[in-house]
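Spelled out from the first residue to the last, the chains are:
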Protein chains: 4
Amino acid sequence: MEFASDNTSPVPPQVLAALTAANTGAQMPYGNDTVMEAVRARVRAVFEAPEAAVYLVATGTAANVLSLATFCPPWGAIYCHRVAHIEEDECGAPEFYTGGSKLVLIDGDHAKMTPEGLRRALGFTARAGVHNVQRGMLSLTNSTENGTIYTPAEVAALTAEAKAYGLPSHMDGARFTNALVSAGCSAAEMTWKAGIDVLSFGGTKNGLLGVEAVVIFDPTKAWEFELRRKRGGHLFSKHRYLSAQMLAYLTDDLWLENARRANAAAARLSKGIAAIPGASLVHPTQANAVFAAWPRSGHIRAQAAGAHYYLWPGDQSMEGPGEESLAARLVCSWSTTDAEIDAMVAAVRG
Amino acid sequence: MEFASDNTSPVPPQVLAALTAANTGAQMPYGNDTVMEAVRARVRAVFEAPEAAVYLVATGTAANVLSLATFCPPWGAIYCHRVAHIEEDECGAPEFYTGGSKLVLIDGDHAKMTPEGLRRALGFTARAGVHNVQRGMLSLTNSTENGTIYTPAEVAALTAEAKAYGLPSHMDGARFTNALVSAGCSAAEMTWKAGIDVLSFGGTKNGLLGVEAVVIFDPTKAWEFELRRKRGGHLFSKHRYLSAQMLAYLTDDLWLENARRANAAAARLSKGIAAIPGASLVHPTQANAVFAAWPRSGHIRAQAAGAHYYLWPGDQSMEGPGEESLAARLVCSWSTTDAEIDAMVAAVRG
Amino acid sequence: MEFASDNTSPVPPQVLAALTAANTGAQMPYGNDTVMEAVRARVRAVFEAPEAAVYLVATGTAANVLSLATFCPPWGAIYCHRVAHIEEDECGAPEFYTGGSKLVLIDGDHAKMTPEGLRRALGFTARAGVHNVQRGMLSLTNSTENGTIYTPAEVAALTAEAKAYGLPSHMDGARFTNALVSAGCSAAEMTWKAGIDVLSFGGTKNGLLGVEAVVIFDPTKAWEFELRRKRGGHLFSKHRYLSAQMLAYLTDDLWLENARRANAAAARLSKGIAAIPGASLVHPTQANAVFAAWPRSGHIRAQAAGAHYYLWPGDQSMEGPGEESLAARLVCSWSTTDAEIDAMVAAVRG
Amino acid sequence: MEFASDNTSPVPPQVLAALTAANTGAQMPYGNDTVMEAVRARVRAVFEAPEAAVYLVATGTAANVLSLATFCPPWGAIYCHRVAHIEEDECGAPEFYTGGSKLVLIDGDHAKMTPEGLRRALGFTARAGVHNVQRGMLSLTNSTENGTIYTPAEVAALTAEAKAYGLPSHMDGARFTNALVSAGCSAAEMTWKAGIDVLSFGGTKNGLLGVEAVVIFDPTKAWEFELRRKRGGHLFSKHRYLSAQMLAYLTDDLWLENARRANAAAARLSKGIAAIPGASLVHPTQANAVFAAWPRSGHIRAQAAGAHYYLWPGDQSMEGPGEESLAARLVCSWSTTDAEIDAMVAAVRG
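Residues numbered from 1 in each chain as written. Chains lettered and ligands numbered in written order. Predicted model: local features only at pLDDT ≥ 70, side-chain atom pairs only at ≥ 80, totals over all residues. Heavy atoms only, no water.

An unreviewed UniProt entry lists chain A under the name L-threonine aldolase, with Neogemmobacter tilapiae given as the organism. According to UniProt, the comment filed for chain A under the heading Sequence similarities (unreviewed entry) is "Belongs to the threonine aldolase family." (UniProt positions renumbered as here; feature names shortened; annotations may be inferred.)

Have a look at this one:
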């Protein structure tokens, strides 16, 4: 009963097999391996973007902050949701990498910015000329930190607000594929066709050991990205092992299959929890995470049964006298089993 | 009728006279001038802080951000009000100087944080260990950006919240003396006795050409401050001309006298405006700035009569059909005359 | 005939087996995996340092620059050899991570600083008080960029110069184990017993996919390191896969065995090349890299036979009329075979 | 007998008079004062550069590092002489402002780079692609830190090397006017006509309280400079007092007159010292500083007579048994008198 995060999960055997296959003979380092050529071609095909620059790094934070630093100057405002990973979970890495830009936080239900909220923030920035930070770029997360998704149309509506000021748009796609299979659209439709300029294309949470691709749709910035990656210490010498993972990911639809499994697991879990008397969903379940609330006794039962998950937000406590409702985040992964889900639901139900 | 800002005002003759007096013979550079010895002694006496480290810089932003960078690590959160100068008017200088810290914005009426708001923000920070920025320091502005003041007791209540986590506290005192004479307390009571560790002690807005002192009450950090000042390009070679200004400021109570005049002007203006039918104060007038609103026709008359001031917030427009109320900021300085004030009130009244 | 770098080599089967073994069930992310507990214990045992803080990152640059940034302030001078990796091969990552420190370059034969050279540089720094950068820290590479090693006594002599000013010392040990088995001393003797405060303990060049440990002998700085690692984007979510590699490395002396094989290969190659008429060593062969020079025709033969290596320094050219001597760097790894070596020697000899 | 530095000198009465003249009524802040319009026009006229962007800051370090940061990316190498002020006397401010660029130090007699030395350094940079810092920009000082000057032809020869790689060139002109009157050329010939893109045009050392202009000959970068100046805390609110100084400087040839007096003083001093038996010049005297060496007894006599100057380099000592020669730096300013010079020469001669 593992629902703490999708990053607690192992990787499918295909991924380890790919590492083994890559482990023969010499390979040029630093992204000059032959496997990377295949990755580049494959990513471009998947995104229908033959000119895109494609790079691999090993963490989602690296993918995000290198993307932001490449597209936003030090005096730029980065518009993101108040609960965005770049705001809440990267310990100021965006500020560090950009040289001191400012994250401008936008509210919105279920971790989704609205065009109106973004427009208001854009209008407010730079109202005082040189005295303020300047408009920098947009960053949105898909699927979001609350397990919801932006549709391509919603993405396009947000990037249009940014483009009205000539600003680039970044998508934090740590769970990109979960959003993609949920929306039922193509990778191109979800990204550059909707106005995204640079994508953190996550692999780690969806079945890899530790690889994220950065896809830069306009390659003008590619060399700057390479320099920033190097200066950040994120250029791998034995790069072939990143390449091999990403190639396995994009082979035989493993990436899509993993995301479909995770999303299906979340749907099953969501349905099961929601049907319990006294339980309710906190956010709609649209990807691989369930946000739900139920009375304290259900949490005590679940944890006694060995369930791993977080109360969310974290300032709630299992301790307490009464039966008030406590909210939780339950994240499913490609490896979540129906048995785990059913056991979880049964434990909560009691 | 000059109410655009206190930084549009000239300086009193004593200050120019002090420059002339300092302009004889050779003086050691970089703060080693003999005048600075007198300044140091005088500031320590004024603040009843014989151990305090005292430095001069030429802009308020420099005073603020060097103070912040000295006391807050790159991964620290700086707690300040949403409309703080460091957030709104320094183009990201705090993020630049600190190496990427994050300003955590706290709401509160009339530009004043409340202990509850600060406590909530402090509790929320670092909830996720290494993944979040860490608690860094408090920065409050006195007098505030809305022309209000914190009393010593209010300062102490806020710094107590910071100290509960072992955090240092900074006061942006670009208009410190205006707050001081309004509160009617001593400089010590307003600062270190109320828990302030480092003060930006403003001179420029209150009658100098361009000098601010940084007063560090615990001198442990003094050498780091000196290095940061040098690296910031804020160490003056012909430092005597900064020293001379500050010494004149603290001689014969010029600093207090200037602030009293500015505050009295604001009080007279505030009273005059508030008495006009249809006009009202937006914030209490407690220092040298008046925030008030009155119908559009009054603005048209005032500006036609040559009044200089800003609509505040800036997204209002003089253009428009009706008689709706428009809010304005009117700042008085040591050089504001009763005649200007009375002419302004008369113009608004019509 | 692969001598381009030790980072072009694959990894031993034990390492892949360890990944497979680690790939079962859920594991807490971000270094809280159970494997990491074993790694921590093992590293502490190997270094006879029960209090040491131990962290894993995935690249050598990350290990180096996070170490430097943790121990050196932005205004500090980092003393290193002119050909140090941190100076020549990290695209300014040290300056980026430290917030703008300055690398002070020290000359010395065979990529080794001398105590005299270091002493001179230390004496020169900070001669002008606040106007100069201040003395920061020492960083030495072992084995060096020229395939030589510092003995523990030589390390101690250098760190003693740093300690005379109270400065910490870092060892870039991307090829630490090659130095260790060459010197025939213990890991403790090579590091903290010789005055090293923080070590980049390399795994990648010596048989791992991509893992380096940072060993901080005085754990006072541990939390700051963790924050800097997170902000740098170098904290892995599926950290177990780093842990597993490092544990395999330190099991059954794989790390030592790999280094012995690489060093033995280099010794065989060095001896073979040196015996060729017209060939000579440029630097003594003390670890796993051979720096030698021989006439152009020998290079033409070697490359025609499929040898991979770099002319070193890189401004030499294979093109040219005559038979002048061209210098080369030949790096051996754990996977270099005697057959490769002998073929190389034969090709050069002609 | 004041020869410690040109920054120990006072300012001419015209400068204080200009401050007084500027001290009437209200003036818009932050560079929007009416005096600045005149300054801008005057600087453009002086430099025959009608499109140049002109900004004022208060310290030479600020002028230099804002210029460098505007033209050099964080991963860029800045080529300068080993004894350049930006390397030796700014405590790492260039690294701080640029976000971690690297100063590449070039040797050359009398603090002057040679085209050959620069060419060699340029060729060496970026030899390893993304692994190295990249070629960034050139920075040369005129007059130099050793009291010599570059002629326009020499400047052009150096900037031509930079331009061969498409790099911009900066001139640190803290003592620009001393170089100008020494070379006998126009300001345009010394700068943009010789390939300079951005100039730190010093006023402080040549008779102002604290003002330097930054002249950007290609204004494309102007807005970025303004943002960096603001973020650096170098935008003055009561900017009129900077403007007034600079306008006085450029009125009635005060700048040229001051420099001529300082240079003439240095020439007289240089001639006087060089004529003393046992004394000799260390560097040619081409601007306002004399570098000379003479026996210890002469130093003892000079200092006993009240002379202020520095032994240069600073590791020499007045203490010692014998009569060995000690080198010194003697800087003249606009206010140096013939009487001081003659007394100095007499004291050294004994």
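Additional details are given in the paragraphs that follow.
A. Main features of the overall build of chain A. Across its full length, chain A carries 14 helices and 11 strands. Computed over C-alpha atoms, the radius of gyration of chain A comes to 21 Å, within 12% of the 20 Å expected from 2.2 N^0.38 for 350 residues, which places it in the range of a compact globule. When the backbone C-alpha atoms are referred to their principal axes, chain A occupies close to 60 × 55 × 30 Å. Here the analysis covers contacts within chain A between residues at least 6 apart in sequence; of these, 74% occur between residues at least 24 apart. Of the roughly 11200 Å² that chain A leaves accessible, carbon and sulfur atoms contribute 55%. With 29 positive and 34 negative side-chain charges, chain A shows a spacing of 3 Å between the two charge centroids. (Helix = DSSP H or I, 4+ residues; strand = E, 2+ residues; numbered from the N terminus. Rg over C-alpha atoms; globule rule 2.2 N^0.38 Å. Contact = heavy atoms within 4.5 Å. Areas by Shrake-Rupley, 256 points an atom, 1.4 Å probe, with all protein chains shown as cover. Lys, Arg positive; Asp, Glu negative; His and termini not counted. Charge placed at Lys NZ, Arg CZ, Asp CG, Glu CD.)

B. Local environment of the packing of helix α1 (residues 13-22) of chain D against helix α11 (residues 240-249) of chain D. Residue and element names in this part refer to chain D. As a packed pair, α1 and α11 sit with axes 8 Å apart at the nearest point and diverge in direction by 140°. The orientation of α1 relative to α11 falls into the category oblique. Here the hand of the crossing between α1 and α11 comes out right-handed. Between α1, through Q14, V15, A18, L19 and A22, and α11, the contact on the second element is made entirely by R240, Y241, A244, Q245 and A248. Along the lines of polarity and charge, the residues of the contact of α1 with α11 split into seven nonpolar, two polar and one charged. (Axes fitted to C-alpha atoms, helices over the stretch in contact; angles between N-to-C directions. Parallel < 35°, antiparallel > 145°, perpendicular 65-115°, else oblique. Left-handed = near helix turned anticlockwise from the far one by under 90°. Nonpolar A, V, L, I, M, F, W, Y, C, P; charged D, E, K, R; others polar.)

C. Structural detail: the interface of chain C and chain A. With 46 residues of chain C in contact, the opposing surface of chain A contributes 46 residues. Approximately 3800 Å² of surface area, both sides summed, lies buried where chain C meets chain A, with 59% of it carried by carbon and sulfur atoms. The three residues of chain C that bury the most area against chain A are F96(C), R231(C) and K238(C), which together make up 20% of that side's buried surface. Here chain C is connected to chain A by zero salt bridges. Applying the counting rule to chain C against chain A returns 30 residue pairs in polar contact (both at pLDDT 80 or more). (Buried area = accessible area lost by both parts, 1.4 Å probe. Salt bridge = Lys/Arg side-chain N within 4 Å of Asp/Glu carboxyl O. Polar contact = N/O pair within 3.5 Å; in protein donor to acceptor, adjacent residues only side chain to side chain.)

D. Seen up close, the UniProt feature "domain: Aromatic amino acid beta-eliminating lyase/threonine aldolase" (unreviewed entry) in chain A. Listed under "domain: Aromatic amino acid beta-eliminating lyase/threonine aldolase" (unreviewed entry) in the UniProt record, and renumbered for this structure, are residues 3-291 of chain A. This span, residues 3-291 of chain A, is 42% helix and 15% strand, and a straight line between its end C-alpha atoms measures 11 Å.

E. Structural context of the interface of chain D and chain B. In this complex, chain D contributes 46 residues to the contact, which on the side of chain B involves 46 residues. Summing both sides of the interface, chain D and chain B together bury roughly 3800 Å²; the carbon and sulfur share of this comes to 59%. Contact with chain B buries surface across chain D, with F96(D), R231(D) and K238(D) losing the most and accounting together for 20% of the total. Our count for the chain D to chain B interface comes out at zero salt bridges. Scanning the region where chain D abuts chain B turns up 29 residue pairs in polar contact (both at pLDDT 80 or more). Those elements giving two or more residues to the side of chain D that touches chain B turn out to be α1, α3 (60-71), α5 (93-98), α10 (222-231) and α11 of chain D. Classifying every residue of the side of chain D that touches chain B by side-chain character gives 21 nonpolar, 17 polar and eight charged.

F. Representation of a nonpolar patch on the surface. A surface patch of nonpolar side chains, about 280 Å² in accessible area, is lined by M28(A), Y310(C) and W312(C). Following the sequence through the fold, W312(C) ends up in the loop between β10 (310-311) and β11 (325-331). (Patch = residues over 30% accessible without salt bridge, like charges linked within 9 Å, V, L, I, M, F, W, Y side chains within 5 Å.)

G. Just the relation of the copies chain D and chain B, in detail. Mapping chain D onto chain B calls for a rotation angle of 180° and an axial translation of 0.0 Å; the resulting RMSD is 0.0 Å. Such a combination of turn and shift is consistent with a two-fold rotation axis. For chain D, the minimum C-alpha distance to the rotation axis belongs to G232(D) and amounts to 3.5 Å. (Least-squares fit on C-alpha atoms with pLDDT ≥ 70 in both.)

H. How the structure looks around the nonpolar core. Residues F47(A), F201(A), F47(C) and F201(C) are the most contacted members of the largest nonpolar core, which totals 124 residues. When residues no more than four places from it in sequence are discounted, the contact partners of F201(A) are F47(A), G173(A), F176(A), T177(A), E212(A), A213(A), V215(A), M246(A), Y249(A), L250(A) and W255(A). Ranked by size, the runner-up nonpolar core spans 123 residues in total, among them F47(B), V211(B), I106(D) and Y249(D). (Core = buried A, V, L, I, M, F, W, Y, C linked by side-chain atoms within 4.5 Å. Buried < 20%, exposed > 50% of the residue type's maximum accessible area, 1.4 Å probe, protein only.)

I. Broad picture of the side chain of Q27(C). In this structure, Q27(C) sits in the loop between α1 (13-22) and α2 (34-46). Polar contacts involving the side chain of Q27(C) include one to the side chain of T34(C), which spans 2.8 Å. Excluding residues within four positions of it along the chain, Q27(C) makes contact with N7(A), T8(A), D33(C), T34(C), V35(C) and R240(C).

J. Spotlight on the sheet that holds strand β10 (residues 310-311) of chain B. All names here are of chain B. Across the sheet, which stays open at both edges, the four strands sit in the order β8-β9-β11-β10 with antiparallel pairing between neighbours. In this open sheet, the two edge strands, each paired with only one partner strand, are β8 (280-281) and β10. Taken together, the two bridges between β8 and strand β9 (residues 289-295) define a ladder with antiparallel strand orientation. From the neighbouring strand, S280 faces β9, where its bridge partner is A293. Here helix α13 (residues 296-304) sits on the sheet in contact with β9, β10 and β11 (325-331), set at roughly 120° to β9. (Pairing = 2+ DSSP bridges.)

K. Seen up close, the sheet that holds strand β1 (residues 53-57) of chain D. Residue and element names in this part refer to chain D. One open sheet accounts for seven strands, arranged β1-β7-β6-β5-β4-β2-β3; its pairing is mixed. Each having just a single partner strand, β1 and β3 (102-106) make up the two edges of the open sheet. Each neighbouring strand pair of the sheet contributes to a mean axis angle of 20°, computed without reference to strand direction. Helix α6 (residues 115-124) rests against β2 (76-81), β3 and β4 (134-141) of the sheet, and its axis sits at about 140° to β3. Across the sheet, helix α7 (residues 152-163) touches β4 and β5 (169-173), and the angle it forms with β4 is around 170°.

L. Quick peek at the domain arrangement of chain A. Residues and elements named next belong to chain A. Domain assignment breaks chain A into domain 1 (11-254) and domain 2 (256-349). For domain 1 versus domain 2, the separation of C-alpha centres amounts to 28 Å. In this assembly, 19 residues from domain 1 lie in contact with 19 residues from domain 2. Of the roughly 1600 Å² buried between domain 1 and domain 2 on both sides combined, carbon and sulfur atoms contribute 53%. Among the residues domain 1 hides against domain 2, the three largest losses belong to N146, N178 and V181. Together they make up 26% of the total. Taken together, domain 1 and domain 2 are joined by zero salt bridges. (Domains from an automatic or database assignment.)

M. Highlighting the packing of aromatic side chains. Under the criterion given, the structure shown has 46 aromatic pairs over all chains. Centroid distance F96(B) to Y97(B): 5.2 Å. Interplanar angle 70°. Geometry classified as edge-to-face. Here the aromatic rings of F201(D) and Y249(D) are separated by 6.0 Å at their centres, their planes lie at 50°, and the arrangement is tilted. Here F201(D) is found in strand β6 (residues 198-202), whereas its partner Y249(D) is found in helix α11, with 48 residues between them in sequence. The buried category is assigned to F201(D), whose relative accessible area is 0%. Stacked on the ring of F124(A), the Lys or Arg R127(A) has its end atom at 3.7 Å from the ring centre. (Phe/Tyr/Trp six-rings, centres within 6.5 Å; stacked < 30°, edge-to-face > 60°. Lys NZ or Arg CZ within 6 Å of the ring centre and 35° of its normal.)

N. Structural view of the pairing of strand β3 (residues 102-106) of chain C. Residues and elements named next belong to chain C. Counting buried positions along β3 yields four of five residues, so the element is predominantly enclosed. Bridge count for strand β2 (residues 76-81) against β3 is five bridges, and the pairing is parallel. Opposite Y79, over in β3, you have V104 as the bridge partner.

O. View of the relation of the copies chain C and chain A. For the match of chain C to chain A, the screw axis carries a shift of 0.0 Å, the RMSD comes to 0.0 Å, and the turn is 180°. Both copies present the same face, since 100% of the interface residues in chain C are matched by interface residues at the equivalent positions in chain A.

P. How the structure looks around the confidence of the model for chain A. Residues with a pLDDT of 70 or more make up 100% of chain A, whose mean pLDDT is 97. Overall fold confidence for the complex sits at a pTM of 0.97, while the interface term, ipTM, reaches 0.97. (pLDDT = per-residue confidence, 0-100.)

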